[in-house]
Amino acid sequence: MATSPPSSHEPPHTVVVSISAQQAAKNAVLERNLASLGERNLDTANAIRAATPAILEWSTAADGAQVASYQSRALASRHQPRAEATTFADAIDFRDRAVVVVLGFGLGFHIHELCARLLRCGLVVVLEPDLGLLRAVLEEIDWSSSFSRANILIFDGTEPAGRYAERFAGSEGVLIQGLQFVDHPPSRTRVAPCSKEF
């Protein structure tokens, strides 16, 4: 009796299960990140959760970190994103101004470095107008431990004026020390139009 050769294709239900498991893992990372942002970022967290993830091209850097390009632009060093983030933070003087306003989230390596240095002694403020980018990054890279041990606020630039005052409430002690604005070079082109109004 003749037998048919084994199929080289997995049954359709197997593919569905695989995709569902992958998405479940992404959702778990996303929710850990959003939860770690705390109550003061609740509106931003909800907006990120509702956003459609941006399409990023992911790869592995020479130092083993996950890196990505967006709209043909690298969001961090393709070779040493951690060292790049260290250099970024080294250039900032934290002695006189404990509030750092960063224009662009990128992949978050520089934000992680700032959170590690300031902890609860200062405030990291991020302007990132692309919620789809934030969702794509935060469902791929787990920054929850960094967020949870620091004071961090994330804005997309569309918040009403009164919302800024609400979210900065409780940070008066560090705000009186002054703010310093810092460009994230890979994000400059995207964020520049929004930063003028921030």
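Please refer to the structure higher up on the page.
Structural notes, computed from the coordinates. (Residues numbered from 1 in each chain as written. Predicted model: local features only at pLDDT ≥ 70, side-chain atom pairs only at ≥ 80, totals over all residues. Heavy atoms only, no water.)

### Things to note about the side chain of His110
Threshold: What counts as a helix is a DSSP run of H or I of at least four residues, what counts as a strand is a run of E of at least two, and both are numbered from the N terminus. Exposed residues in this analysis have more than 50% of their type's maximum accessible area, buried residues have under 20%, and partly exposed residues fall in between, with area computed by a 1.4 Å probe over protein chains only. Whether two residues are in contact is decided by their heavy atoms: any pair within 4.5 Å suffices.
By the element assignment, His110 lies in helix α4 (residues 109-118). On the basis of relative accessible area, His110 is assigned to the buried category, the value being 4%. Sequence-distant contacts of His110, that is, excluding residues within four places in its chain, are made with Ala85, Phe88, Val102, Gly104, Phe105 and His184.

### Let's talk about the environment of Leu138
For Leu138, the location among the structural elements is in helix α5 (residues 131-138). C-alpha separation for the pair Leu138 and Leu30, spaced 108 residues apart in sequence, amounts to 5.2 Å. Ignoring anything within four residues of it in the chain, the contact list for Leu138 reads Val29, Leu30, Asn33, Leu34, Ile48, Phe105, Trp143 and Phe147.

### Some remarks on the environment of Ala21
Relative to the helices and strands, Ala21 is located in helix α1 (residues 12-36). Measuring from C-alpha to C-alpha, the distance between Ala21 and Leu56 comes to 20 Å, with 35 residues separating the pair along the chain.

### Here we look at the packing of helix α3 (residues 81-90) against α4
Selection rule: Lines fitted to C-alpha atoms define the axes, with helix axes restricted to the stretch in contact, and inter-axis angles between N-to-C directions lie between 0 and 180 degrees. Here is the rule for angles: anything less than 35 degrees is roughly parallel, anything more than 145 is roughly antiparallel, 65 through 115 is roughly perpendicular, and the remaining ranges are oblique. For any pair of crossing helices, the crossing counts as left-handed if the nearer helix is rotated counterclockwise from the farther one by less than a right angle, and right-handed if it is rotated clockwise.
Relative orientation of the contacting elements α3 and α4 amounts to 50°, with a least axis distance of 8 Å. Classified by the angle their axes make, α3 and α4 are oblique. Note on packing geometry: the crossing formed by α3 with α4 is right-handed. On α4, the residues that touch Pro81, Arg82, Ala85, Thr86, Phe88, Ala89 and Asp90 of α3 are Phe109, His110, Glu113, Leu114 and Arg117.

### Section: the sheet that holds strand β4 (residues 99-103)
The cut-off we apply is this: Only when DSSP finds a minimum of two bridges between them are two strands counted as paired.
Sheet architecture is open: four strands sit in the order β6-β5-β4-β7, paired in parallel fashion. The open sheet has two edge strands with one neighbour each: β6 (152-155) and β7 (179-183). Going from strand to strand, the sheet's axes swing by 20° on average, the running direction of each strand aside. Summarising the sheet, β4 and β7 pair through five bridges and their orientation is parallel. From the neighbouring strand, Val99 faces β7, where its bridge partner is Leu179.

### Focus: the pairing of strand β2 (residues 66-70)
Among the five residues that make up β2, four are buried, leaving the element largely enclosed by the rest of the structure. Of the pairings in the sheet, the one linking strand β1 (residues 57-60) to β2 comprises four bridges and is antiparallel in character. Of the residues in β2, the one forming a bridge with Ser59 is Val67. Following β1, the chain reverses through five residues before pairing antiparallel with β2; Gly64 in that reversal takes a positive phi of roughly 90°. Sheet topology places β2 next to strand β3 (residues 73-74); two bridges connect them, and they run antiparallel. Residue Ser69 lies in a different strand from β3, and its bridge partner there is Ala74.

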